[in-house]
Amino acid sequence: MASLISRIFVGIVLLAAATGDARADFSDGKMPDGTYHCEVYLLGMFLDLGDITIKGNVYTGPVTFGTAPQAYNYQMNANGEISWLGPLGGYTAGGNALSMTQATLDGQNPPSFDIIMKQPDGAFTASTCTRGGSQ
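Residues numbered from 1 in each chain as written. Predicted model: local features only at pLDDT ≥ 70, side-chain atom pairs only at ≥ 80, totals over all residues. Heavy atoms only, no water.

Per an unreviewed UniProt entry, the protein chain goes by Phage tail protein and derives from Mesorhizobium huakuii.

**Student:** Just give me the short version of unusual backbone geometry, but keep the residues and values in it.
**Tutor:** With an omega dihedral of 10 degrees, the bond running from G61 to P62 counts as a cis peptide bond. By the element assignment, P62 lies in strand β3 (residues 58-63). At L43, a residue that is not glycine, the phi angle is positive and equals roughly 55 degrees. By secondary structure assignment, the location of L43 is in the loop between β1 (34-42) and β2 (45-55). (Helix = DSSP H or I, 4+ residues; strand = E, 2+ residues; numbered from the N terminus.)

**Student:** Quick one: what's the story with the state of the cysteines, residue by residue and with numbers?
**Tutor:** For the coordinates displayed, the defined rule picks out 1 disulfide. Here C38 pairs with C129 through a disulfide, and the sulfurs are 2.0 Å apart. One quick way to see it: the torsion about the S-S bond of C38 and C129 is about 110 degrees, and its sign makes the bridge right-handed. One end of the pair, C38, is in strand β1; the other, C129, is in strand β8 (residues 124-131), with 91 residues separating them in the sequence. (Disulfide = S-S within 2.5 Å.)

**Student:** Break down the sheet that holds β2 for me, with residues and values.
**Tutor:** Through backbone hydrogen bonds, the strands of a sheet pair up, either in parallel or in antiparallel fashion. An order of β5-β4-β3-β2-β1-β8-β7-β6 is seen for the 8 strands of this open sheet, with the pairing classed as antiparallel. At either margin of the open sheet sits one strand with a lone partner, and together these are β5 (82-84) and β6 (97-104). Within this sheet the neighbouring strands show an average axis-to-axis angle of 30 degrees, counted without direction. Of the strand pairs in this sheet, β3 and strand β4 (residues 72-76) are connected by 2 bridges, and their pairing is antiparallel. Note on β4: the bridge partner recorded for Y59 is Y72. (Pairing = 2+ DSSP bridges. Axes fitted to C-alpha atoms, helices over the stretch in contact; angles between N-to-C directions.)

Quick look at the structure:
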């Protein structure tokens, strides 16, 4: 059941990315600076996956407790697709792999990005990271 929900969510994210509605302005190749809280909706509840902090073209995290040990670069293309140039916590550990990260900037809502992760068993999980508060 969770796998079906994940696949439906992935389809919605990809459809939204293809329509172009989410692309306010990715021309500078960066997400707005700030701390992005990441969570996934699974089995009827939201699970905290930690925070990713972005400043310029550098990110740290995700961090659930304490501070991130190191910062890494990321790149974002004109379509809002993010390429992480370093590890991304549990998203890239234990046999997990990143499938895609799609940014959303629409001016009326806080900036965010969706991370699609492929699990070792081939299932996909989608999580959303949203910038908190006024940064």
